[in-house]
Amino acid sequence: MFKSPLPILILICALAVYHMFDFGHWSNESAIRSDGFGYYGYIEGTLVHGDPLNELHGEVPGREGYRSWMHEGLPGKHLPKMTMGLSYAWIPGFYIADAFAAVFDYRRNGWSTPYQLAVAFTAIFFLLLGCLALWQVLNQRFTGWVASITVFLIFYGTNLLHYSTSDSGMSHVYNFGLIALYLWLNDIWLKDCKKKTLIVMSLILGWIVLIRPTNITIGLVTPIMLYVQTGSLRKLLTPKLALAALMAFIPILPQLVFWKYTTGEWINYSYENEAFYWFTGNFIQGLFSYRNGWLLYTPIMIFALNGFFFSRRMDKSLFWASTVVILLHIYITFSWWCWYYGGSLSIRPMIDMYALCAFGLAGLLSYVFMRFRALSAVLIGLMSLLVYNNLLQTNYFNTGAITDSTMTKKAYWAYFLESEVPSSLSLIGDAYRDADTDRLRKGLPERTYFDTTLIVEVKQHSLSENHDKYRLSRNNDFGQALTVSADSVVTGKDEMIQIDFITFSEDYQKAGVSGVVSFDKEDQQYQYRAANLMYTEPIDGQWNSSSFFLRMPREVPMDAHMNVYLWLQGKGSLQVKSIGVKIIEVTYSEDQ
């Protein structure tokens, strides 16, 4: 069964398609989002508007106009922030989607459902391409059983699951597929030394570099493996090397020409005020931080990295190539100012190197399976647990429960291996924490303390002693709701909704009172959150002010309503003086 990659590829394909439809971003035109808006600009400008230099950017109105991220170039010209590498992959799917849209009367604007599905299925194609190539690389060094399990774990036990089925417009699954293909071709070339193989390898390497220039390090795999195997680089130091360099340049050339026409320069750095800090990188935070730390959110990679100690005996040359390239990749990745990669589940650029990491994981699995039967069962159980946690984590990220750049220790452990989202977490002020991007952009340490500024008092409701909801008891356990429109509590960057309750109880522990926030529209509830007042440490026998904090959930429509009320669940009683809602700005204090 495991002598062929077909069974594991069928399983991965079925799971990928299921999750792609389950997450459903294609259905609300958000399969292309975040960085995808930058990569898709070449498709949108050239194929949708017939405007390769994006001279019409800003002139085509509404949803039929440009949505891609654009920078200003020469007068009247615009260019996407990202490179055109992914557009090469998306062109076939675009024409298929465009034909489908024409036949079935979808909007032919590059963004409607057929185009979103085209991007989503292209991502799955590159996932399968990578899994096939990776299986072939591993099968030359391990059994088919180990190769199949490893490929499955790389897909289903890591953030590759999310970036191949949900965030299909990001570059990482494409580079995963291309790098795995490069490694497979590299194995073939090291055996046959055929010029045709070297040419294809070089074209693939050029494409990899175009999509994400920092991945140029993958080109070190070939000379390192060649040197370890033969003690010489003579096979490379021939006229073939010049040909290989020329072939690698071909995918990059159109980008250089495009930059020349739009900016007047052959090379363009579009990241403006963003930079690498080579001597003050955040390596420990990048690996272990509760804010997206790679090994914390993708713990299966701990086993992969440790597995290199066992994989060396299987292929010394690939061991050294993998070790050098992965270490370089970690150094480059965490030298970037935004080391947590905002909008990321775990550290997404590490996905690009998962084909190399798989070599270590396979080495560990092979070593344990061949020598320790009891330990093998334990290892399989542990891997299954991590796969389960990855599924939970991926679902939480897609619903916004796990945030992309504000997680803390409290939030992380609240979700770890938990099948239900604790609704109280998002109301507790210290469960999420924004990054200090102002300092990080300058390569400086983040600040610790916050200043808060009132932006607007949305609504205040005070109760008198003769009000029927003034006192909550077992016979009157729900307080009167304070209702505000959703469009009045929209939160922007550094903004939060603050909800204040002024209450009195002789015994808060016994009363068991929760503050409840729900977002509703007619009969549909979009969010429900509740937190016990005990989180705010009220003092028995006196009036207390308790505050909860949250952000407006992204899935709530503007014509919905936010309802805030108190719910007594215990045996005591509670008096309520007022409920208030305000919008505050939370920024790092300058006095640090």
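Sequence order sets the numbering: in each chain, residues are counted from 1 along the sequence as written. pLDDT decides what is reported in this predicted model: residues at 70 or higher carry local features, side-chain atom pairs at 80 or more are listed and counted, and totals for whole chains, interfaces and linings draw on all residues regardless. Values reported for side chains reflect all heavy atoms of the structure, with hydrogen atoms and water molecules removed beforehand.

## Considerations on the side chain of Asp352
For the purposes of this entry, the term helix denotes a DSSP run of H or I that reaches at least four residues, the term strand denotes a run of E that reaches at least two, and both are numbered from the N terminus. For Asp352, the location among the structural elements is in the loop between α16 (316-333) and α17 (354-371). Here Asp352 is buried and forms no salt bridge, its nearest opposite-charge partner Arg212 lying at an N-O distance of 4.0 Å. A distance of 2.7 Å separates the side chain of Asp352 from the side chain of Asn215, its partner in a polar contact. Here a residue-residue contact requires only that any non-hydrogen atoms of the pair lie within 4.5 Å. Apart from the residues within four sequence positions on either side, Asp352 is in contact with His172, Asn175, Phe176, Ile179, Arg212 and Asn215. Under the scheme applied here, a residue whose accessible area is under 20% of the maximum for its type counts as buried, over 50% as exposed, and between as partly exposed, the area being computed with a 1.4 Å probe on protein chains only. For the charge count, each Lys or Arg is scored as positive and each Asp or Glu as negative, with His and the chain ends excluded. Note on definitions: salt bridges are taken to be side-chain nitrogens of Lys or Arg within 4 Å of carboxyl oxygens of Asp or Glu. Whenever two N or O atoms come within 3.5 Å, that pair is a polar contact, provided that in protein one can donate a hydrogen and the other can accept it, and provided that, for residues adjacent in sequence, both atoms are side-chain atoms.

## Thoughts on the packing of aromatic side chains
Centres within 6.5 Å make a pair out of two Phe, Tyr or Trp rings, where for Trp the six-membered ring is used; the pair is then stacked when the planes are under 30 degrees apart, edge-to-face when over 60, and tilted otherwise. On inspection of all chains with the given rule, the structure shows 39 aromatic pairs. On the numbers, 5.4 Å between centres and 35 degrees between planes, the contact of Phe94 with Tyr115 is tilted. Residue Phe94 is located in helix α4 (residues 85-103), and its partner Tyr115 is located in helix α5 (residues 113-139); the two are separated by 21 residues in the primary sequence. Residue classification places Tyr115 among the buried positions, given a relative accessible area of 1%. Ring geometry for Phe308 and Phe359: centres 6.1 Å apart, planes at 65 degrees, overall edge-to-face. Placement of the pair is Phe308 in helix α15 (residues 300-311) and Phe359 in helix α17, with a sequence separation of 51 residues.

## Examining unusual backbone geometry
Positioned with a positive phi, Ser346 is a non-glycine residue whose angle comes to about 60 degrees. Within the secondary structure, Ser346 sits in the loop between α16 and α17. You can call Ser346 buried: its relative accessible area is 1%. Even without glycine at this site, Glu537 takes up a positive phi of about 55 degrees.

## Considerations on the environment of Ala248
If you trace the backbone, Ala248 turns up in helix α11 (residues 239-249). The buried category is assigned to Ala248, whose relative accessible area is 15%. Ala248 sits 42 residues away from Gly206 along the chain, and the two C-alpha atoms are 4.2 Å apart. When neighbours within four sequence positions are excluded, Ala248 is seen to be in contact with Ser202 and Gly206.

## Description of the confidence of the model for the chain
pLDDT is defined as a per-residue confidence score from the predictor, taking values between 0 and 100. The predicted model of the chain averages 88 in pLDDT, with 95% of residues at 70 or higher. Confidence scores differ between elements of the chain, with strand β3 (residues 450-462) showing the lowest mean pLDDT of 74 and helix α6 (residues 144-156) the highest of 97.

## Digging into the packing of helix α8 (residues 172-192) against helix α10 (residues 221-230)
Their axes nearest at 11 Å, the elements α8 and α10 cross at an angle of 35 degrees. Pair α8 / α10 crosses with right-handed handedness. On α10, the residues that touch Tyr182, Leu183, Asn186, Asp187, Trp189 and Leu190 of α8 are Val221, Thr222, Met225, Leu226 and Gln229. Just so you know the grouping, Ala, Val, Leu, Ile, Met, Phe, Trp, Tyr, Cys and Pro go in nonpolar, Asp, Glu, Lys and Arg go in charged, and all remaining residues, Gly too, go in polar. Across the contact of α8 with α10, the residue classes break down as 7 nonpolar, 3 polar and 1 charged. All axes are obtained by fitting lines to C-alpha atoms, using only the stretch in contact for helices, and the reported angles, taken between N-to-C directions, cover 0 to 180 degrees. Helix crossings get a hand from a simple test, with the near helix turned counterclockwise from the far one by less than a right angle marking a left-handed crossing and a clockwise turn marking a right-handed one.

## Examining the environment of Gly41
Looking at the element boundaries, Gly41 is found in helix α3 (residues 41-48). With 28 residues separating them in the primary sequence, Gly41 and Trp69 have C-alpha atoms 6.9 Å apart.

## So, the sheet that holds strand β5 (residues 482-485)
Taken in spatial order, the 4 strands of this open sheet run β5-β10-β7-β8, and their pairing is antiparallel. With partners counted over all chains shown, the strands left at the sheet margins are β5 and β8 (524-532), one partner each. Within this sheet the neighbouring strands show an average axis-to-axis angle of 20 degrees, counted without direction. Any two strands with at least two DSSP bridges between them are considered paired.

## Remarks on the environment of Val576
With respect to the secondary-structure elements, Val576 resides in strand β11 (residues 574-588). Separated by 61 residues in the primary sequence, Val576 and Gly515 place their C-alpha atoms 12 Å from one another.

## Looking at the pairing of strand β9 (residues 543-550)
Of the two faces of β9, the one lined by Asn544, Ser546, Phe548 and Leu550 is fully buried and the one lined by Trp543, Ser545, Ser547 and Phe549 carries no buried residue. Here 8 bridges tie strand β6 (residues 495-504) to β9, and the two strands are oriented antiparallel to one another. Paired with Gln498 across the bridge in β9 is Phe549.

## A short note on the nonpolar core
For our purposes a nonpolar core is just a set of buried Ala, Val, Leu, Ile, Met, Phe, Trp, Tyr and Cys residues, chained together by side-chain atoms within 4.5 Å. Phe176, Ile218, Trp294 and Tyr354 are the most contacted members of the largest nonpolar core, which has 134 residues in total. Here this core gets 15 residues from one element, more than from any other, and that element is α5. Look past the residues within four positions of Tyr354 in its chain and what remains in contact with it is Ile154, Thr158, Asn159, Leu160, Phe176, Trp294, Thr298 and Met301. Among the nonpolar cores identified, the runner-up in size contains 31 residues, and Val484, Phe501, Val513 and Val556 belong to it.

## Thoughts on the pattern of salt bridges
One pass over the structure, following the stated rule, counts 10 salt bridges. For Asp167, the salt bridge goes to Arg33, with nearest N and O atoms at 2.6 Å. With Asp167 in the loop between α7 (160-165) and α8 and Arg33 in the loop between α1 (6-23) and α2 (36-39), the pair connects residues that are 134 residues apart, well separated along the chain. Between Asp187 and Arg141 there is a salt bridge, and its shortest N-O distance comes to 2.8 Å. Linking Asp187 in helix α8 with Arg141 in the loop between α5 and α6, this pair joins segments that are 46 residues apart in sequence. Here Asp187 and Arg141 have matching classes, each one buried. Taken together, the shared-partner salt bridges connect Arg141, Asp187 and Asp315 into one network.

## Here we look at the pairing of strand β10 (residues 561-568)
Moving residue by residue along a regular strand, the side chains alternate between the two faces of the sheet. Among the 8 residues in β10, 6 count as buried, and that is most of the element. Where β5 meets β10, 4 bridges bridge the pair, whose relative direction is antiparallel. In the sheet register, Thr483 faces β10, and the bridge partner there is Asn563. Of the strand pairs in this sheet, strand β7 (residues 513-521) and β10 are connected by 8 bridges, and their pairing is antiparallel.

## A word on the packing of α1 against helix α18 (residues 373-399)
It is at 11 Å that the axes of α1 and α18 come closest, and there the two elements cross at 30 degrees. One way to sum up the angle between α1 and α18 is to call them roughly parallel. Two packed elements cross with a definite hand, and for α1 against α18 that hand is right-handed. Within the contact between the two elements, α1 uses His19, Asp22 and Phe23 and α18 uses Leu391, Thr394, Asn395 and Asn398. Each residue belonging to the contact of α1 with α18 can be placed in one class, and the counts come to 2 nonpolar, 4 polar and 1 charged. Geometric relationships in this document are graded by angle, where less than 35 degrees denotes roughly parallel, more than 145 denotes roughly antiparallel, 65 to 115 denotes roughly perpendicular, and other angles denote oblique.

## With respect to the side chain of Asn282
When you line up the elements, Asn282 lands in the loop between α12 (253-263) and α13 (283-288). A relative accessible area of 16% means that Asn282 is categorised as buried. Of note is the side chain of Asn282, whose polar atom sits 3.1 Å from the side chain of Gln285. If near-sequence neighbours (up to four positions away) are discounted, Asn282 is found in contact with Phe334 and Trp339.

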